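Coordinate inspection notes
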Amino acid sequence: MSKKKKASAEFRFYEIPNEEPALALTGNKWIQVYGENINNLHFHNLLEIGYCYYGQGELVIDDDSYRFGTEMISCIPENVLHTTNSDAGIPAYWEYLYIDAAETLKNYQRSSQEIRDILAAVNARAFFVNAQEAPMIATLIRAILEEAKQEKEYHQECIRGMVYALLFEIARFNGKKASRTIGGNGSLAFEKAIEYVEKNYANNFKIVDLAKECHMSETHFRRIFQEKMNMTPIEYVNFVRIRKACELIDKTDISMEDVALKVGFITPSTFNRNFRRIVGTSPYQWKKRPDNRERKLTEYKISALRGWGFLE
């Protein structure tokens, strides 16, 4: 097993389209040489499931590298650092599913504790196996990807049912404690802070509160966070708040003043300034021009690196 260190982390935000049970990334675009000109690991806000049709290379999780090849499956929970690197100059073909496990299971007719237990099992670890080692998971992944590509009648309903089944299969697989455990969900030293921001972005909190979540001093937390994320904690908080604002603007008709308050900005001027710096347009322009919104959202999903121009 080889070791591979990366300079910084990159946050990638993915949004599941309205009415869709999952985001499927399919087609010839995903036949590529993975990892070219990329010098960092990344993590994202959704459960990522990958299926490799062909190619060879390395799947990097934290500092560890694992060989991938034909009919390999990767299952990577949110907030786990990873990247995919093809062998030099050799294209690989992966397709991906992104799933909001908590949203999918929220209508599960069991107690809140049972739902939490299932989510804990789904997110317990990353795993990377051959399809033959997890045949039911492999079958469900391929079926969901095929439904997403063909978009036949009732495809959303079919995908929704299979996504639901896939999450239970992943939970069951993780419960086996298979020997190839990799990438536990604690792969980010500041994961608890990220979870705290996701739950409390609308509230007024301080960076010291995030540091306490990670059992660090504020000074040490700020240094580690910026070193790994290539942004300050405040920059990350602003990014999350603006992401939530975009969702509210798209899905509701409330005033911009109310949007600002609901995502944690005390004044409209601070909200507008951060929105323009991060997204590249004003909140009003975002709502007024759907064509511009779609173009910007495509960019907005990609990265949360310093190039977004966060406000200090």
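Heads up: the structure comes first, above all this text.
So, here's what we can say about the structure. Because the structure is a prediction, the values reported are computed rather than measured. (Residues numbered from 1 in each chain as written. Predicted model: local features only at pLDDT ≥ 70, side-chain atom pairs only at ≥ 80, totals over all residues. Heavy atoms only, no water.)

Examining the packing of helix H3 (residues 135–150) against helix H4 (residues 155–175)
To be explicit about the condition: The angle between two axes is taken between their N-to-C directions and runs from 0 to 180 degrees, where each axis is a line fitted to C-alpha atoms and a helix contributes only its stretch in contact. Labels follow the DSSP assignment, with helices taken as runs of H or I lasting at least four residues and strands as runs of E lasting at least two, numbered in each case from the N terminus. Each angle receives one of four descriptions, namely roughly parallel if under 35 degrees, roughly antiparallel if over 145, roughly perpendicular if within 65 to 115, and oblique otherwise. Helix crossings are classified by the rotation of the near helix relative to the far one: an anticlockwise turn of less than a right angle makes the crossing left-handed, while a clockwise turn makes it right-handed. Residues are treated as being in contact if the distance between any of their heavy atoms lies within 4.5 Å. Gly counts as polar in this scheme, as do all residues outside two lists: the nonpolar Ala, Val, Leu, Ile, Met, Phe, Trp, Tyr, Cys and Pro, and the charged Asp, Glu, Lys and Arg.
Where H3 contacts H4, the two axes come as close as 9 Å, and the packing angle between them is 155 degrees. Judged by the inter-axis angle, H3 sits roughly antiparallel to H4. H4 is crossed by H3, and the crossing has left-handed handedness. Only His155, Cys158, Ile159, Met162, Val163, Ala165, Leu166, Glu169, Ile170 and Phe173 of H4 make contact with H3, whose side of the interface consists of Met136, Ile137, Leu140, Ile141, Ala143, Ile144, Glu147 and Ala148. Of the residues that constitute the contact of H3 with H4, the class distribution is 15 nonpolar, one polar and two charged.

Considerations on helix H7 (residues 218–229)
This is how the line gets drawn: Residue count minus one, scaled by 1.5 Å, sets the expected span of a helix.
With twelve residues, H7 should cover 16 Å at 1.5 Å per step; its first-to-last C-alpha distance of 16 Å lies within 8% of that length. Turning to H7, the residues buried within the fold contact strand E1 (9–12), strand E4 (41–44), helix H5 (191–200), helix H6 (207–213) and helix H8 (233–251).

Considerations on the nonpolar core
To keep things clear, this is the line we draw: Only buried Ala, Val, Leu, Ile, Met, Phe, Trp, Tyr and Cys residues count toward a nonpolar core, and they belong to the same one when joined by side-chain atoms within 4.5 Å. We call a residue buried when its accessible area falls under 20% of the maximum for its residue type, exposed when it is over 50%, and partly exposed in between, using a 1.4 Å probe and counting protein chains only.
Of all hydrophobic cores here, the largest spans 41 residues; its most connected members are Phe190, Phe221, Met229, Tyr236, Phe271 and Phe275. Going through the elements one at a time, E1, E4, H5, H6, H7, H8, helix H9 (256–262) and helix H10 (268–279) are the ones with two or more residues in this core. Take this core: its biggest share by element is eight residues, from H8. In this view, phenylalanine 275 contacts Ile242, Ala245, Cys246, Ile249, Gly280, Thr281, Ser282, Pro283 and Trp286; residues no more than four positions away in its chain are not counted. In terms of nonpolar packing, the next biggest core, distinct from the first, is built from 33 residues, Leu119, Leu140, Ile144 and Leu145 among them.

Functional significance is not addressed by these values, which are geometric in nature.
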